Amino acid sequence: MIELIPAIDLIGGKCVRLTKGDYDTKKIYNEDPVAQAKEFEQLGFKRLHVVDLDGAKSKHIVNDAVLRAITENTSLTVDFGGGIKTAEDIEKAFAAGATMVTLGSIAVTNPDLCREWIAKYGAEKIVLGADVRKGKISINGWKEDSEEELIPFLKKYVEMGVKNVLCTEISKDGTLAGPAIDLYKQIMAEYPHIHLIASGGVGSNADIEALDRAGIPAVVFGKAYYEGKIQISELTN
């Protein structure tokens, strides 16, 4: 069965969702992300994906206090991303209780530093964030598109030992219009041994079931849950 990973995106210490990464589309779903994390834990989830959208925008971690509150008040395995650009940022994330960190923009702009972190912390502690728009990797809160193409970008990090990959199809994110299954199947065909986490577009139980049938190891969802579009009990039975 596909691994189900709920998401909490943070702006101003609140649980929000955006559409296609546009900060102007911000919608607050819960003023208390710790309470939201506890709700996910009570539903039986073991893992949580936390994104510091303030951090992604400002290029340094902002919401580490919220991360700490979540990890101190739940037993969830938390992967944390957004704004990790320096040694101070990554240390701050781990010190606040993150089990894994997601490296996105920095993986594009400074692969040598990421290589050092992989060697220091271990590849199992790293999630490669591959946020894709029109085949290219986007950076800095999806405000800029790099020249990095997806498959060569993945190849570089797979060769460094990274196995956890979170791939977001930006055009799908927050739309509830269905995930980019063909894209994920392409990635799995190239790298069948990685733990690929599909992200973006999930709008129903059927979408998650389709990813499962396609052999995708894991899926992140947020808006579909907050909008009542998926029934967790049916997925976890």
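Residues numbered from 1 in each chain as written. Predicted model: local features only at pLDDT ≥ 70, side-chain atom pairs only at ≥ 80, totals over all residues. Heavy atoms only, no water.

Asks: It is not clear to me how the nonpolar core should be interpreted in this structure. Could you clarify?
Replies: Core analysis: the biggest nonpolar cluster contains 73 residues, and Leu154, Tyr184 and Ile187 have the highest contact counts within it. No other element matches the 6 residues that helix 7 (residues 150–158) contributes to this core. Setting aside residues up to four positions removed in sequence, Ile187 forms contacts with Leu150, Ile151, Leu154, Cys167, Ile194 and Leu196. Ala7, Met100, Leu166 and Ala218 belong to the second-largest nonpolar core, a separate cluster that totals 8 residues. (Core = buried A, V, L, I, M, F, W, Y, C linked by side-chain atoms within 4.5 Å. Buried < 20%, exposed > 50% of the residue type's maximum accessible area, 1.4 Å probe, protein only. Helix = DSSP H or I, 4+ residues; strand = E, 2+ residues; numbered from the N terminus. Contact = heavy atoms within 4.5 Å.)

Asks: For this particular structure, what's the right way to read the pairing of strand 12 (residues 218–221)?
Replies: Side-chain positions along a regular strand alternate between the two faces of the sheet. Burial along strand 12 is two-sided: Ala218 and Val220 and Val219 and Phe221, pointing in opposite directions, are all buried. Two strands pair when backbone bridges link them, and strand 1 (residues 3–11) and strand 12 are joined in this way by 4 bridges, in the parallel orientation. Paired with Ile5 across the strands is Val220, a residue of strand 12. Pairing between strand 11 (residues 195–199) and strand 12: 3 bridges, direction parallel. Within the sheet, the bridge partner assigned to Ile197 lies in strand 12 and is Ala218. Note that the unit made of strand 11, helix 9 (residues 205–213) and strand 12 has a crossover that is right-handed. (Pairing = 2+ DSSP bridges. Right-handed = clockwise from strand over helix to strand, strands pointing away.)

Asks: Any chance you could explain the packing of helix 7 against helix 8 (residues 181–190) here in plain terms?
Replies: In a pair of packed helices, the angle between the axes and the distance between the axes together describe the arrangement. Contact geometry of helix 7 with helix 8 gives a least axis separation of 11 Å together with a crossing angle of 40°. With respect to helix 8, the axis of helix 7 lies oblique. Like other packed secondary-structure pairs, helix 7 and helix 8 cross with a definite hand, here right-handed. Across from Leu150, Ile151 and Leu154 in helix 7, the residues of helix 8 making contact are Leu183, Gln186, Ile187 and Glu190. (Axes fitted to C-alpha atoms, helices over the stretch in contact; angles between N-to-C directions. Parallel < 35°, antiparallel > 145°, perpendicular 65-115°, else oblique. Left-handed = near helix turned anticlockwise from the far one by under 90°.)

Asks: Teacher, can you tell me more about unusual backbone geometry here?
Replies: Backbone geometry follows two general trends: most residues other than glycine have a negative phi, and most peptide bonds adopt the trans configuration. In this structure, Lys20 takes a positive phi of about 55° despite not being glycine. Classification of Lys20 as partly exposed rests on a relative accessible area of 44%. In this structure, Lys134 is a non-glycine residue whose phi angle is positive, near 55°. Within the fold, Lys134 resides in the loop between strand 7 (126–133) and strand 8 (136–139).

Asks: I tried to follow the pattern of salt bridges on my own but got confused; where do I start?
Replies: Taken as a whole and assessed by the stated rule, the structure comprises 10 salt bridges. In this structure, Lys27 and Glu227 form a salt bridge, with 3.1 Å as the shortest nitrogen-oxygen distance. You can see Lys27 sitting in strand 3 (residues 22–30) and its partner Glu227 sitting in the loop between helix 10 (223–226) and helix 11 (232–236), a full 200 residues away along the chain. For Lys27, a relative accessible area of 41% translates into the label partly exposed. Residue classification places Glu227 among the partly exposed residues on the basis of a relative accessible area of 31%. Linking Glu148 and Lys156 is a salt bridge whose minimum nitrogen-to-oxygen distance equals 2.9 Å. Look at the salt bridges and you will find they share partners, linking Glu3, Arg47 and Asp79 into a network. (Salt bridge = Lys/Arg side-chain N within 4 Å of Asp/Glu carboxyl O.)

Asks: Mind showing me how you'd approach the environment of Tyr191 here?
Replies: Counting through the fold element by element, Tyr191 comes out in the loop between helix 8 and strand 11. Classification of Tyr191 as buried rests on a relative accessible area of 10%. For the pair Tyr191 and Leu67, spaced 124 residues apart in the sequence, the C-alpha separation amounts to 31 Å. Not counting residues up to four positions away in its chain, the partners in contact with Tyr191 are Ile151, Leu154, Lys155 and Val158.

Asks: What should I look at first to understand the side chain of Asp79 in this one?
Replies: Mapped onto the fold, Asp79 is located in strand 5 (residues 77–81). At 3.1 Å, the side chain of Asp79 forms a polar contact with the side chain of Arg47. Other than its neighbours up to four places away in sequence, Asp79 contacts Arg47, Leu48, His49, Val50, Met100, Thr102 and Val127. (Polar contact = N/O pair within 3.5 Å; in protein donor to acceptor, adjacent residues only side chain to side chain.)

Asks: Is there a simple way to explain the packing of helix 1 (residues 33–42) against helix 3 (residues 64–73) in this structure?
Replies: One way to put it is that helix 1 packs onto helix 3 with a least axis distance of 9 Å and a crossing angle of 35°. In this structure, helix 1 crosses over helix 3, and the sense of that crossing is right-handed. For the pair formed by helix 1 and helix 3, the contact residues are Pro33, Val34, Ala37, Lys38 and Glu41 on the first element and Val66, Ala69, Ile70 and Asn73 on the second. Per-class residue counts for the contact of helix 1 with helix 3 are 6 nonpolar, 1 polar and 2 charged. (Nonpolar A, V, L, I, M, F, W, Y, C, P; charged D, E, K, R; others polar.)

It is worth stressing that arrangement in space is one thing and function is another; only the former is reported here.
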